[in-house]
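Listed below are the residues making up each chain.
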Amino acid sequence: MARKEPRHTPNSERVTGLIRWPLRLTRSGMVAEAVTRAFWPLWSVLFVVLALLMLGVQDEVAVEWVWGVGAVLAGLGLWALWRGVRMFRWPSEDAALVRLDQAMKGRPIQALLDRQAIGGDDPASLAVWKAHQARMQARLRDARAVEPDLRVSRADPFALRYVAVLGLAVALLFGSFGRVQSVTNMGVGGGGLAEGPAWEGWMQPPAYTRLPSVYLNDITDPELSVPEGAAITLRMYGQVGALTVEEDVSDREVTPEMASATAQDFEVARSGRLAIEGPGGREWQVAMVPDAGPSVAREGEIETSYEGEAKIPFRAQDDHGVVTGVARITLDLGAVDRRWGRALEPEPQEVIEVPLPMPVAGDRTDFVEPLVANFSLHPWANLPVRMELEVQDARGQSALSQPEEITLPGRRFFDPVAAALIEERQALLWNRDYAREAAMILRAVLNRSDALFRKPEQAETLRGLMERIEAGALDGMSDEAQAEITQALWDLALELEEGDLEDARQRMQRAQERLEEAMKNGASDQEIAELMQELREATRDYMRQLAQEQAKRGEQEGQPQNPQDMIEMSQDDIQRMMDRIQELMEEGRMAEAQEAMRQLQEMLENMQMTQGQGQGQSPGEQAMEGLSETLRDQQELSDEAFRELNQGQQGQQQGQQQQPGEGQQQGQQQGQQPGSGQDGQPGQGQQGQSQNGQSLADSLAERQRSLRDELNRQRNNLPGQGSEAGEEAGRALERAEGAMDGAERALRDGALGEAIDQQSQALEALREGMRSLGEALAEQQQQQGQQRSGQQGFAEGGDPQEQRDPLGRNAGTTGRTGTDEGLLQGEDVYRRAEELLGELRKRSGETERPEVERDYLERLLERF
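Residues numbered from 1 in each chain as written. Predicted model: local features only at pLDDT ≥ 70, side-chain atom pairs only at ≥ 80, totals over all residues. Heavy atoms only, no water.

Turning our eyes to something else, we now look at the overall build of the chain. In terms of regular secondary structure, the chain is built from 25 helices and 20 strands. Counting over 864 residues, the chain shows a buried share of 40%. Looking at the chain alone, contacts between residues at least 24 apart form 72% of all its contacts between residues at least 6 apart. Surface summary for the chain: the accessible area is close to 47,300 Å², and the carbon and sulfur share equals 50%. (Helix = DSSP H or I, 4+ residues; strand = E, 2+ residues; numbered from the N terminus. Buried < 20%, exposed > 50% of the residue type's maximum accessible area, 1.4 Å probe, protein only. Contact = heavy atoms within 4.5 Å. Areas by Shrake-Rupley, 256 points an atom, 1.4 Å probe, with all protein chains shown as cover.)

Next up on the list: the pattern of salt bridges. Taken as a whole, this structure holds 39 salt bridges when the rule is applied. The residue E283 makes a salt bridge to R273 at a minimum N-O spacing of 2.8 Å. In this pair, E283 is assigned in strand 8 (residues 282-289) and R273 in strand 7 (residues 272-277), connecting sequence segments 10 residues apart. Residue classification places R273 among the partly exposed residues on the basis of a relative accessible area of 23%. Ionic pairing is found between R386 and D332, a salt bridge with its closest N-O pair at 3.9 Å. A residue pair is termed long-range when its members are at least 10 positions apart, and R386 in strand 15 (residues 384-393) and D332 in the loop between strand 12 (322-331) and strand 13 (352-355) qualify at 54 residues. Bridged by salt links that share partners, the residues E702, R705, R708, D709, D741, E744, R745 and R748 form one connected network. (Salt bridge = Lys/Arg side-chain N within 4 Å of Asp/Glu carboxyl O.)

With that settled, consider the sheet that holds strand 1 (residues 198-204). For sheets, the rule is that strands pair by backbone hydrogen bonds, running either parallel or antiparallel. Pairing in this open sheet of four strands is antiparallel, and the strands run 2-1-4-6 from one edge to the other. Edge strands, defined here as strands with exactly one partner in the open sheet, are strand 2 (214-215) and strand 6 (263-267). (Pairing = 2+ DSSP bridges.)

Phi angles above zero are rare outside glycine, and A159 is one such case at about 55 degrees. Within the secondary structure, A159 is located in the loop between helix 7 (123-140) and helix 8 (160-174). Here N382, not a glycine, exhibits a phi torsion of approximately 65 degrees, which is positive. Here N382 shows up in the loop between strand 14 (366-374) and strand 15.

In this section: the packing of aromatic side chains. Counted under the stated rule, the structure contains seven aromatic pairs. Between F314 and F367 the ring centres are 6.2 Å apart and the planes differ by 80 degrees, which places this aromatic pair in the edge-to-face class. Remark: F367 occurs in strand 14 and F314 occurs in strand 11 (residues 309-317); sequence separation between them is 53 residues. (Phe/Tyr/Trp six-rings, centres within 6.5 Å; stacked < 30°, edge-to-face > 60°.)

Attention shifts here to the sheet that holds strand 8. Pairing within the open sheet is mixed, and its four strands lie in the order 3-8-7-5. Each end of this open sheet is capped by a strand with a single partner; those strands are strand 3 (223-227) and strand 5 (244-247). Each neighbouring strand pair of the sheet contributes to a mean axis angle of 25 degrees, computed without reference to strand direction. As defined by bridge partners, strand 7 adjoins strand 8 across five bridges and the pair is classed as antiparallel. Each bridged residue has a counterpart across the sheet, and for G272 the counterpart in strand 8 is V286. (Axes fitted to C-alpha atoms, helices over the stretch in contact; angles between N-to-C directions.)

Moving on, we come to the pairing of strand 14. Most of strand 14 is tucked away: seven of the nine residues are buried. Taken together, the nine bridges between strand 11 and strand 14 define a ladder with antiparallel strand orientation. Bridge pairing in strand 14 links A316 to F367.

A few words now on the environment of A198. Structurally, A198 is set in strand 1. By relative accessible area, A198 is classed as buried at 15%. Counting along the chain gives 38 residues from A198 to M236, while the straight-line C-alpha distance between them is 6.1 Å.

Within the largest apolar cluster, 29 residues are counted, with the highest numbers of intra-cluster contacts made by L421, F453, L462 and L489. Mapped onto this core, the elements with two or more residues apiece are helix 10 (416-430), helix 11 (435-445), helix 12 (456-475) and helix 13 (479-498). With seven residues, the single largest contributor to this core is helix 13. Residue contacts for L489: discarding those within four places in its chain leaves L421, R425, L428, L442, L462 and L465. (Core = buried A, V, L, I, M, F, W, Y, C linked by side-chain atoms within 4.5 Å.)

We now examine the packing of helix 11 against helix 12. The interhelical angle for the contact between helix 11 and helix 12, taken along N-to-C directions, is 155 degrees, at an axis separation of 8 Å. Here helix 11 lies roughly antiparallel to helix 12, going by the angle between them. The way helix 11 lies across helix 12 gives a crossing that is left-handed. On helix 12, the residues touching A435, R436, A439, L442, R443 and V445 of helix 11 are L462, M466, I469, E470, A473 and L474. (Parallel < 35°, antiparallel > 145°, perpendicular 65-115°, else oblique. Left-handed = near helix turned anticlockwise from the far one by under 90°.)

What follows concerns the confidence of the model for the chain. Overall, the prediction assigns the chain a mean pLDDT of 77, with 78% of residues at 70 or greater. Across residues 188-196, confidence stays below pLDDT 50; counting only partners more than four residues off in sequence or on other chains, it has 15 contacts. A low-confidence stretch, residues 786-828 (pLDDT under 50), is modelled with 98 contacts involving residues beyond four sequence positions or located in other chains. (pLDDT = per-residue confidence, 0-100.)

The next point concerns helix 7. The end-to-end C-alpha distance of helix 7 is 26 Å, a good match for the 26 Å that 18 residues give at a rise of 1.5 Å each. Looking only at helix 7, the buried set comprises Q133, M136 and L140. End-on, the buried residues of helix 7 take up no more than an arc of 60 degrees, which puts them together on one face. Set apart from the buried face of helix 7 by more than 90 degrees, the exposed residues are P123 and V128. (Expected span 1.5 Å × (residues − 1). Arc of directions from axis to C-beta.)

Between helix 2 (residues 20-54) and helix 4 (residues 63-87), the least distance of the axes is 7 Å, while the angle of their chain directions is 160 degrees. As far as their axial angle goes, helix 4 and helix 2 are roughly antiparallel. Between helix 2 and helix 4 the crossing geometry is left-handed. Judged by residue contacts, R37, A38, F39, W40, P41, L42, V45, V49 and L52 of helix 2 engage L73, L76, G77, W79, A80, L81, R83, G84, V85 and M87 from helix 4.

Let's shift gears to a nonpolar patch on the surface. On the surface, V48, L52, L55, V57, V61, W65, V69, L166, V170, L173 and F174 cluster together into a nonpolar patch covering about 1,000 Å² of accessible area. When residues of the nonpolar patch are traced back to their parent elements, those giving at least two are helix 2, helix 4 and helix 8. Looking at the nonpolar patch, the element that brings in the most residues is helix 8, giving four residues. Take V57: it is sitting in helix 3 (residues 57-60). (Patch = residues over 30% accessible without salt bridge, like charges linked within 9 Å, V, L, I, M, F, W, Y side chains within 5 Å.)

Our focus in this paragraph is helix 4. Helix length check: helix 4 (25 residues) gives 36 Å between terminal C-alpha atoms against 36 Å at 1.5 Å per residue, within 8%. For helix 4, the complete set of buried residues consists of V63, V66, L73, G77, A80, R83 and G84. Taken together, the buried residues of helix 4 touch helix 2 and helix 3.

Turning next to the environment of E629. Mapping E629 onto the fold places it in helix 18 (residues 619-649). For E629, a relative accessible area of 37% gives the class partly exposed. Engagement of the side chain of E629 in a polar contact is seen with the side chain of R632, the distance being 2.6 Å. (Polar contact = N/O pair within 3.5 Å; in protein donor to acceptor, adjacent residues only side chain to side chain.)

Attention shifts here to the environment of L718. One can find L718 in the loop between helix 21 (696-716) and helix 22 (724-748). A relative accessible area of 7% places L718 in the buried class. Sequence spacing of L718 and M624 is 94 residues, and the spatial spacing of their C-alpha atoms is 9.4 Å. The residues touching L718, leaving out its near neighbours within four places in the chain, are L627, G726, A729, G730, L733 and L773.

Here you go:
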């Protein structure tokens, strides 16, 4: 049905005057609609043509292709233009009035242009008509322009217009308008240029400079600053020979043929002149910015720990950053004391090469890093050596430090027998022909072994090694035998130096003896600090074992206590005394330090743990202690299940052994793998089967069932019932018991991953139950007005102390095992943090470690 046009009446001018701007905007939108629907193929073709030209496609294909594709696109453009002209219709004002009227409620425009057909003589009818027109006129004041409909999806079902727009966007981002003009220079068959030759050029700095590329066509300044090694790329278009290149900034020899080549690439090696000769050419005076070579030097003092771990600080610099480095260590034979087992010529040894650690995050242009390594097992340990550092930058330039004569850091042994074994070990590594003399000295050590060895097994071990050395002296010692014997001597020396860790009293006494021996021999401050730290650890172990033994024997019950004759002494007091002793030694006041050491030793020998005058542990305290023990056992079981899962996934990597030689010397002594220790971990030797032949999964499941039964017993006897906190503790322990049951089933099914998840839920529920139980007991004690009983402390026969853990800290009361205080306090926090950071740096630089472990260590270093 044809659209009804509004009739022109005397009211037409008045109506259009009221909607003049909405009508004009609506009509403009209709014009845009007509243009879009008629000419969208035309501008799509134009966008495609412009995109191809800006991207330089015409310069990459033969000229015949350019003309062929150009003809097709020109034909499409003419068709699109003819189609647009044929379809385009200019919208009239009446059509705009109709669209605007249709967009308004009640068709007010048409109503104002209409005339009353009947009832013109009836006053009432006229009044109604005038009221209607007044209402319609009021609506015209709210008239708004109608938005145009520019959609052409029906005419373009394949969205070709969007493809054209995408091509133009890509050309705007990655193309250049300068390339468009090259199409005008093309003739059929590669003829001459219509408007002269054209060229393009780029300067690409080396990637390590992090500088942007430069489009040479945009550089009009005659001076051009270029970094050394920058790549120059030149492209000439048009007739060959119309443009030539003259340059003396590269190392190439430019011949006439090379100068007129249309494609030229070279690197900047020096300052000089770069010119493009010919019509439209350009010239620059290139000022090359040289890439300065790196530099490296030793900086600071070399620190050696008690275990022999060395920290060798160095400083490296480069204008664009150091990439890699290595430390080379060679024996300074002329400075070696050739007496006592070194009179023979040394056996050839490879140069020690250790990679220098680089900053994982941050600037590498100027940095100071410590080289962390342990050379204690190397034949040159504690001998004069020459050390040279080498670093390299990204350009391949290297620099060497001045050779430095140092003593190769290594562990020092203060036990006389251990020191003697290490001397003979080094003599065998120096030259195996010294085996006869070494065996003779070891036989002298074994002459009266009862006074020298704490265990008969140690003397028997040394006797077996001596016999092997004597056999090697007679029949010749192979490389494998030499490595095994020297490693066994090292292990025995370590055992003699460290002693039996299970006897805390002997360990503490040995730590005191080694410290006294170090004071007499003039040990360094670093070694004294390490020995003091060992004494602190041995003292903590001794006090912990003392508390456990006295608790078993019940010695405190039968001992009368007189507070006036007692001296209270906490762990902090002992630590302060040790700090004072270390301070005296660092100041050189050795006599005072030895006297303070004697007093400390007497205090430790007379120390006993006292318990308060109460009636023993209350039921609440017994429940808390039992739950704490259950929590510890559950944590150990979860750790063992996790180790079993990890061993199943990475068994080959964990079982890989170091080869004898430098890798062994630099790998085994540079720290143990994370999660390992000198003592055996629970679960070792149980992979696959337990000792009774039962599968490990079933063994873990049985232990899990025992823990669940124990928790059930504790839950049934839980004190504090009736209070809200006590009920919450019971519910939490019930959840823990259910999680343990799920963990047991998963272990029996061999689903270690699911079992670990269930065990984690059990641990969390146990902690929550202990917190709630602690709150319930605190409420109960507050209500009854009872004081806390059974508070413990360490004293030299002292009065009741507040409850402390074996480290002298206040024990926790919020359902957590351990203490509410920090694990480390004072300077130990920073010392320990520095040790951990150094260990991370050392391990991240060990190339023999798995890549996944080194990536993890680098992520840790980035965070800290």
